[in-house]
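# Overview (structure and organization)
Spelled out from the first residue to the last, the chains are:
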Amino acid sequence: MKTELLAPAGDIEAAYSAFYFGADAVYLGLRRFSARAEAINFSPEDLDEITAFAHAHQKKVYVALNTLMQENELPELMTYLQICADCKVDALITQDIGVARIVKKAFPQLVLHASTQMAIHNLSGALALKKLGFERVVLARELSLAEIREIQQKSGMEVEVFVHGALCYSYSGLCAFSSMTTARSANRGKCVYSCRDTFKMNGKQYHPFSMKDLALEKDVCDLKGLSLKIEGRKKNALYVGAVTDYYRRILDTGKIDGTLSDNLKQIFARPWTKLHFRGKNKDVIEPDFVGHRGLPIGTVSKVFNGEITFKTAKPIARYDGIQIDIPGMEKPFGFSAEHLTLNGKSVFEVPADKTVSIKLPPKSPFIQKGSAVYLASSTHVKSAYPYEKPKKGLYRNKQAVEIDIYVGSAEITAVSQDVSVSLTESLSPAKDNEKVIKAINECFRKTGDTPFETTSVRIHNPDHLFVPVSLLNQLRRNLFEALSAHILESKKIPALPETHLKKGGSLNIKPKWRLKTDDVSVLKGVDLSTVDEVLIEISTHSSPDDFSFLPKEKVRLALPVIIRSHAIEKTVHLLYEHGYHKWQIGNWGGLRLIPSKAETDIDFDSTIPVLNTQAAAFAHEAGAGGITCSPEDTYDNIQKLLGAVLHTTLIVYQDTPLFLSANCIRPNTCAECTHQTERYTLSNGKERFEAVSKECLTTVIKNEPFYIGHLIGNLTPEWLRMDFCNRAYTATQINHLIPFIQAGKPLKSSYSGNFKKSFA
């Protein structure tokens, strides 16, 4: 594919700004089912206008319908998919596999892009999604250039990568922090950005999960033939124009324009990082401050009489925004520069490299000499990115129509798409038949603000009769009105595709029990007599000897959710050859790693989320022998699923990962790392958490487990599951917990997530 610069559009103004400053495509959300639910987003009318404009200028529009859907939302989803089809969007960006199935079966004209929320981070995942009908994959932000290139070269798919904007601490799609602490799910577009909170760890109060912003800058020149995506659907048109212009210039010239970089930092910027693009990188967190910082322009040299004095590296104007780092404050202190003094005189502007004094507002915090000063907004920059946009209503998606005109001595008739309208009028022979043909053609090619575009006019006038222009105009108006009514009447939103799922959830079924662990050695001391199946998470170091003390028929091996090394492929095949044919996968790449044979039995873990029957059908059609309900989901929705889907698992006890992150929480450098598992205790003042650093993956869990064993009532999945992963469980602890969990007794310390709540 041709290299594509893809810009965000939280509203139509941002979209026009993006196109004006050089974007090849924009991505946007509608008023529902967008992972940026708090952006302004697009109405159907706005979507129609921007797609028509884009296509007229050889640009593209992608719509993000990238949240997880509960069962009762599917009918409404169909309306939004129909809007996308009517507006001829170039692709849908989706996370929910139920949406993907509906699109494939009911809206085959729509192209599927796999959202970064699907956490695709290896070649196997991309190949799996290609086979399942996706044309493009939006890769996890954490990948290196080498990993990106491998997927690009070997997958045969279009590949999209983020190059600039805000970062999540967790792999996208695998963050449950906001959901499990506030019931506002990132996978539903309602994240409260818990990762930006202050935490206390190792006696220090700071922001261990607050990421810097991604900024690949000139490194984008190494990403040829990909879609280069800028994050920022919650940003305004000024920011979108500036960041698009910045990267358009880099792609076109291969050079960085320092002025444009400075402009961008003044509009909005946290400190920048390249994340892991060039390899493992520890410098990705901004521990002391959150939010917009601005462009560094100096350090305070004097604080006196309610003023600060410093030498400014950039020009400043009256009413520009100034921010200053204040120790102990998580956000810089900001104010408007309403009074500027240069050489003892009040001025409106101060040039660069001059010493300026700025009056502080009343009740300012204590400012130390040496504090960093930032230009956080600039009147000059705000006016530096004007953009043009068309007159409202000028661009609309039009439907191509062919028209037949029949002229008779007493009647003229227009016919198109089974619609026929006539006017009665006595007509006489024409003096110049060519002029009549020309007049009819010109008249019916004038479609004005109608939703039609005339592609051909066939004229049947055997007697060469003259038709007045006024009669033609009236006939055209009547035809287009009748066509509009006919299309509106005949247009039906497709029904939801049939799922052909077997009924489950009978009250007479007694669920079986699964136990999962990431430490097989602990099981040697565990009483497994009441457990029907044991799930063991493997690693690259696993061997058949590790499980030899367990009956093979009772063992199901689980792949890690994150697999960044090819080494595990050899391990999987070794274990398979030793007769381990029952597996669990937590990411789409697992479908390609496990041998596809008749005896293979693959269960999908909850990190391949299934919250509706369409998703369950997609999973089974893709090769899942069973699915696992999401710990984020609610009782009511799970009840609907269990009533329609066979081979289901409900997790009743788990230390649910709130973050799964490639960003290392250890205080040491990579060179100093012992590569032993490390555990850290954190608190945000309300709750306590544990961060587990293991094999270059940081997993954050709550101090108490997720538990719903006492709340499940009459829910009857095929399997109930208890997980003893992530925390350092002993055999004694597990033996103590198993009977409590299986009896459905309440635990003293636990949380139930959204199970008995509504789902934001």
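The notes below deal with the structure included here. (Residues numbered from 1 in each chain as written. Predicted model: local features only at pLDDT ≥ 70, side-chain atom pairs only at ≥ 80, totals over all residues. Heavy atoms only, no water.)

### Thoughts on the overall build of the chain
A tally of helices and strands in the chain yields 17 helices and 40 strands. In the chain, buried positions account for 57% of the 760 residues. Across the chain, every contact between residues at least 6 apart in sequence was considered, and the portion connecting residues at least 24 apart equals 71%. When the accessible area of the chain is evaluated, it comes to approximately 32,300 Å², of which 50% is carbon and sulfur surface. On the chain, the mean spot of the 93 positive side-chain charges and the mean spot of the 84 negative ones are 4 Å from each other. (Helix = DSSP H or I, 4+ residues; strand = E, 2+ residues; numbered from the N terminus. Buried < 20%, exposed > 50% of the residue type's maximum accessible area, 1.4 Å probe, protein only. Contact = heavy atoms within 4.5 Å. Areas by Shrake-Rupley, 256 points an atom, 1.4 Å probe, with all protein chains shown as cover. Lys, Arg positive; Asp, Glu negative; His and termini not counted. Charge placed at Lys NZ, Arg CZ, Asp CG, Glu CD.)

### Focus on the packing of aromatic side chains
How two aromatic rings sit relative to each other is set out by the distance from centre to centre and by the angle between their planes. Counting across every chain of the model gives 28 aromatic pairs. Ring centres 5.0 Å apart and planes at 80° place the aromatic pair Tyr20 and Phe21 in the edge-to-face group. Owing to a relative accessible area of 42%, Tyr20 belongs among the partly exposed residues under this scheme. The buried category is assigned to Phe21, whose relative accessible area is 11%. Taking 5.5 Å as the distance between ring centres and 75° as the angle between the ring planes, the aromatic pair formed by Phe547 and Tyr580 counts as edge-to-face. (Phe/Tyr/Trp six-rings, centres within 6.5 Å; stacked < 30°, edge-to-face > 60°.)

### Here we look at the pairing of strand 22 (residues 354–359)
Where strand 15 (residues 307–312) lies against strand 22, six bridges are found, and the strand directions are antiparallel. Along strand 22, the bridge assignment pairs Phe310 with Val356. Pairing of strand 19 (residues 340–342) with strand 22 involves three bridges; the strand directions are antiparallel. Residue pairing across strands places Leu342 opposite Val356, the latter belonging to strand 22. (Pairing = 2+ DSSP bridges.)

### Brief notes about the nonpolar core
Nonpolar side chains in soluble globular proteins generally cluster together in the buried interior. Leu47, Ile50, Leu223, Leu559, Trp588, Phe604 and Phe724 are the most contacted members of the largest nonpolar core, which has 189 residues in total. With residues near it in sequence (within four places) discarded, Trp588 still touches Ile97, Met118, Ile120, Ser124, Gly125, Ala128, Leu129, Leu132, Phe604, Ile608, Phe618 and Ala622. In this structure, Ile403, Leu423, Cys443 and Leu471 belong to the second largest nonpolar core, which totals 25 residues. (Core = buried A, V, L, I, M, F, W, Y, C linked by side-chain atoms within 4.5 Å.)

### Quick word on the sheet that holds strand 13 (residues 295–299)
Backbone-to-backbone hydrogen bonds join strands into a sheet, with any given pair of strands oriented parallel or antiparallel. The four strands lie next to each other as 13-23-17-18, forming an open sheet whose pairing is antiparallel. The strands lining the two open edges of the sheet, one partner per strand, are strand 13 and strand 18 (333–336). Pairwise comparison of adjacent strand axes, ignoring direction, gives a mean angle of 30° for this sheet. Note: strand 17 (residues 321–324) against strand 23 (residues 372–377), four bridges, orientation antiparallel. By the bridge assignment for strand 23, Ile322 is matched with Leu375. (Axes fitted to C-alpha atoms, helices over the stretch in contact; angles between N-to-C directions.)

### Things to note about the sheet that holds strand 27 (residues 452–460)
Strands sit in the order 26-25-24-27 across an open sheet of four strands; the sheet is mixed. Edge strands, defined here as strands with exactly one partner in the open sheet, are strand 26 (419–424) and strand 27. Adjacent strand axes in the sheet meet at a mean angle of 20°, parallel and antiparallel pairs treated alike. This element, helix 11 (residues 433–444), spans strand 24 (399–407), strand 25 (411–416) and strand 27 of the sheet and lies at about 155° to strand 27. Sitting on the sheet, helix 12 (residues 469–490) is in contact with strand 24, strand 25, strand 26 and strand 27, with an inclination near 150° to strand 26.

### Structural notes on helix 17 (residues 731–742)
Compared with an ideal rise of 1.5 Å per residue, which puts 12 residues at 16 Å, helix 17 spans 17 Å between its outermost C-alpha atoms and is within 8% of the ideal. Considered for burial, the residues of helix 17 that qualify are Ala731, Ile734, Leu737, Ile738 and Ile741. An end-on view of helix 17 places all buried positions within 120° of arc, on one side of the element. Looking at the buried positions of helix 17, the neighbouring elements they touch are strand 28 (512–517), strand 34 (648–654), strand 39 (706–707) and strand 40 (719–724). (Expected span 1.5 Å × (residues − 1). Arc of directions from axis to C-beta.)

### A short note on the pairing of strand 7 (residues 158–165)
For strand 7, the tally of buried residues reaches seven of eight residues, placing the bulk of the element in the interior. Inspection of the sheet shows strand 6 (residues 136–138) paired to strand 7 by three bridges, in the parallel sense. Counterpart to Val138 in the pairing with strand 7 is Glu160. Note that the unit made of strand 6, helix 6 (residues 145–155) and strand 7 has a crossover that is right-handed. Examined bridge by bridge, strand 7 and strand 11 (residues 227–230) share four bridges and lie parallel to one another. The residue of strand 11 that forms the bridge with Val161 is Leu228. Direction of pairing for strand 7 relative to strand 10 (residues 213–215): antiparallel, over a ladder of two bridges. Of the residues in strand 10, the one forming a bridge with Gly165 is Leu214. (Right-handed = clockwise from strand over helix to strand, strands pointing away.)

### Observations concerning the pattern of salt bridges
Per the counting criterion, the structure on display carries 40 salt bridges. Arg32 is the salt-bridge partner of Glu73, the closest N and O atoms lying 3.6 Å from each other. Taken as a pair, Glu73 in the loop between strand 3 (60–65) and helix 3 (74–86) and Arg32 in the loop between strand 2 (25–28) and helix 2 (44–56) lie far apart in primary sequence, 41 residues in all. The class of Glu73 is buried, set by a relative accessible area of 8%. Arg188 is the partner of Glu73 in a salt bridge, and the nearest nitrogen-oxygen pair spans 2.7 Å. One end of the pair, Glu73, is in the loop between strand 3 and helix 3; the other, Arg188, is in the loop between helix 7 (177–182) and strand 8 (199–201), and 115 residues separate them in sequence. (Salt bridge = Lys/Arg side-chain N within 4 Å of Asp/Glu carboxyl O.)

### Details of the side chain of Ser172
As for its placement among the helices and strands, Ser172 is situated in the loop between strand 7 and helix 7. Separated by 3.0 Å, the side chains of Ser172 and Arg141 make a polar contact. Not counting residues up to four positions away in its chain, the partners in contact with Ser172 are Thr116, Gln117, Ala119 and Arg141. (Polar contact = N/O pair within 3.5 Å; in protein donor to acceptor, adjacent residues only side chain to side chain.)

### Describing the environment of Ala126
With respect to the helices and strands, the residue Ala126 is situated in helix 5 (residues 123–131). Assessed through its relative accessible area of 0%, Ala126 is described here as buried. C-alpha of Ala126 to C-alpha of Val137: the two residues are 11 residues apart in sequence and 6.5 Å apart in space. Filtering out sequence-adjacent residues up to four positions away, Ala126 remains in contact with Ile120, Val137, Ile151, Ser155 and Met157.

### A short note on the packing of helix 3 against helix 4 (residues 97–106)
In the contact formed by helix 3 and helix 4, the axes pass within 11 Å of each other and the chain directions differ by 55°. What the angle tells us is that helix 3 and helix 4 run oblique. Helix-helix and strand crossings are classified by hand; for helix 3 and helix 4 the assignment is right-handed. Across the interface between the two elements, Leu74, Leu77, Met78 and Leu81 from helix 3 touch Val99, Ile102, Val103 and Ala106 from helix 4. (Parallel < 35°, antiparallel > 145°, perpendicular 65-115°, else oblique. Left-handed = near helix turned anticlockwise from the far one by under 90°.)

### Points about helix 9 (residues 258–267)
Along helix 9, seven of the 10 residues are buried, which leaves the element largely enclosed by surrounding structure. Here helix 9 has its buried residues at Leu260, Ser261, Asp262, Asn263, Leu264, Gln266 and Ile267. In this structure, the buried residues of helix 9 make contact with strand 7, helix 8 (237–253), strand 12 (272–273), strand 13, strand 23 and helix 10 (379–382).

### Re unusual backbone geometry
Located in the positive-phi region is Asn305, a residue other than glycine, with phi close to 55°. The topology assignment puts Asn305 in the loop between strand 14 (302–304) and strand 15. Even without glycine at this site, Cys696 takes up a positive phi of about 60°. When you line up the elements, Cys696 lands in the loop between strand 37 (688–694) and strand 38 (697–702). Residue classification places Cys696 among the partly exposed residues on the basis of a relative accessible area of 46%.

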